[in-house]
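So the chains spell out like this:
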Amino acid sequence: MADGDPDTIETVDEDDDIVLRTTRPAPIVVKGIGNMTMFGLSNRFDGDFPPNLIGKVAKEEYQSTIDHINGLIGRAVPRSARWLLAGCLCCCCTAGCSLSPVVYLNKKTQSKVRGFLESENNRVYRKLGYTWWLAKQKCTNSNLKEYVILLETVERMDMYRPD
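Residues numbered from 1 in each chain as written. Predicted model: local features only at pLDDT ≥ 70, side-chain atom pairs only at ≥ 80, totals over all residues. Heavy atoms only, no water.

J.: Break down the sheet that holds strand S6 (residues 130-138) for me, citing the residues and quoting the values.
T.: Pairing in this open sheet of 3 strands is antiparallel, and the strands run S3-S7-S6 from one edge to the other. Whereas interior strands pair on both sides, the edge strands pair on one side only; in this sheet they are strand S3 (28-30) and S6. With direction set aside, neighbouring strand axes in the sheet form an average angle of 30°. As defined by bridge partners, S6 adjoins strand S7 (residues 145-153) across 9 bridges and the pair is classed as antiparallel. Of the residues in S7, the one forming a bridge with tyrosine 130 is threonine 153. Most of the contacts of helix H1 (residues 59-89) go to S6, to which it runs at about 45°, and overall it touches S3, S6 and S7. Sheet strands touched by helix H3 (residues 100-128): S6 and S7. Its angle to S6, the strand with the most contacts, is close to 140°. (Pairing = 2+ DSSP bridges. Helix = DSSP H or I, 4+ residues; strand = E, 2+ residues; numbered from the N terminus. Axes fitted to C-alpha atoms, helices over the stretch in contact; angles between N-to-C directions. Contact = heavy atoms within 4.5 Å.)

As structure tokens, then:
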């Protein structure tokens, strides 16, 4: 492990000079698998249960979270596509201002997804030691960025260890 690794947490016990190292596992990435992507947000996320979560999170809970996210996005993307088409048709007359509803709808959808993920984190996942995030990530085969859902582990505090 490198000294500058941000995923490595070092704990130094001053009495015994013991150094404990714990590494945070890599986050689980849920990528978009939809057939349409607008401003980096896919219209559907992969619902396959990751094998890393077996025995840690209920499969039904994971599936219900992904289904709800897909429902939020699935309702918003067709509406945004219609506004994008109308905005492109009127773009010359409005000097590009006709595309602003599409940008607004996309930000509103992202906000709804982030709000839902935060409520799910508070309701279920933080108790299990996980948090969900909507994050931008660089695509593997191009310089474009896409939105993915990250499922990260939360570092739990050791309650029996003195300060």
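J.: Any details on the packing of H1 against H3? Residues and values, ideally.
T.: Taken N-terminus to C-terminus, the directions of H1 and H3 make an angle of 170°; their axes are 9 Å apart at the nearest point. When the axes of H1 and H3 are compared, the pair comes out roughly antiparallel. Taken together, the residues of H3 that come into contact with H1 (itself represented by Glu61, Tyr62, Thr65, His68, Ile69, Leu72, Ile73, Ala76, Arg79, Ser80, Trp83 and Leu84) are Pro101, Val102, Leu105, Thr109, Lys112, Val113, Phe116, Leu117, Glu120, Arg123, Val124 and Tyr125. The residue inventory of the contact of H1 with H3, partitioned by class, reads 15 nonpolar, 4 polar and 5 charged. (Parallel < 35°, antiparallel > 145°, perpendicular 65-115°, else oblique. Nonpolar A, V, L, I, M, F, W, Y, C, P; charged D, E, K, R; others polar.)

J.: Give me the lowdown on a positive patch on the surface, citing residues and values where you can.
T.: A cluster of like positive charges, contributed by Arg75, Arg79, Arg82, Lys108 and Lys112, occupies part of the molecular surface. Every element with two or more residues in the positive patch is listed here: H1 and H3. Among the elements that make up the positive patch, the one with the highest residue count is H1 (3 residues). Within the secondary structure, arginine 82 sits in helix H1. Under the relative-accessibility criterion, arginine 82 is labelled exposed at 56%. (Patch = residues over 30% accessible without salt bridge, like charges linked within 9 Å, V, L, I, M, F, W, Y side chains within 5 Å. Areas by Shrake-Rupley, 256 points an atom, 1.4 Å probe, with all protein chains shown as cover. Salt bridge = Lys/Arg side-chain N within 4 Å of Asp/Glu carboxyl O. Lys, Arg positive; Asp, Glu negative; His and termini not counted. Charge placed at Lys NZ, Arg CZ, Asp CG, Glu CD. Buried < 20%, exposed > 50% of the residue type's maximum accessible area, 1.4 Å probe, protein only.)

J.: Any chance you could break down the confidence of the model for the chain for me, citing the residues and the numbers?
T.: A residue-level look at the chain finds 78% of positions with pLDDT of 70 or above and a mean pLDDT of 80. Confidence scores differ between elements of the chain, with strand S1 (residues 8-13) showing the lowest mean pLDDT of 55 and S6 the highest of 90. (pLDDT = per-residue confidence, 0-100.)

J.: Give me the side chain of asparagine 121: which residues, what numbers.
T.: Looking at the secondary structure, you find asparagine 121 in helix H3. The exposure class assigned to asparagine 121 is buried, which follows from its relative accessible area of 0%. Ignoring anything within four residues of it in the chain, the contact list for asparagine 121 reads Arg126, Tyr130, Thr131 and Trp132.

J.: I'd like a rundown of the pairing of S7, residues and numbers included.
T.: Here S3 pairs with S7 via 3 bridges, running antiparallel. Note on S7: the bridge partner recorded for valine 29 is leucine 150. Linking two consecutive strands that pair antiparallel, namely S6 and S7, is a turn of 6 residues.

J.: Could you give an account of the packing of aromatic side chains, naming the residues involved and the relevant values?
T.: Any aromatic ring pair is given by two values, namely how distant the centres are and how the planes are angled relative to each other. In the structure shown here, the tally under the stated rule is 3 aromatic pairs. With a centroid separation of 5.3 Å and 70° between ring planes, the pair formed by tyrosine 125 and tryptophan 132 is classed as edge-to-face. In terms of burial, tyrosine 125 and tryptophan 132 fall into one category: buried. Among the aromatic residues, those joined into a ring-pair cluster are Phe49, Tyr62, Tyr125 and Trp132. (Phe/Tyr/Trp six-rings, centres within 6.5 Å; stacked < 30°, edge-to-face > 60°.)

J.: Give me the nonpolar core: which residues, what numbers.
T.: Phe45, Leu53, Tyr62, Ile69 and Trp132 are the most contacted members of the largest nonpolar core, which totals 26 residues. Going through the elements one at a time, S3, H1, H3, S6 and S7 are the ones with two or more residues in this core. (Core = buried A, V, L, I, M, F, W, Y, C linked by side-chain atoms within 4.5 Å.)

J.: Explain the side chain of serine 42 to me, and be specific about the residues and the numbers.
T.: You can see serine 42 is positioned in strand S5 (residues 41-42). In this structure serine 42 comes out as buried when scored by relative accessible area, which is 4%. Residues contacting serine 42, with those up to four places away along its chain left out, are Gly32, Ile33, Gly34, Met36, Thr37 and Ile73.

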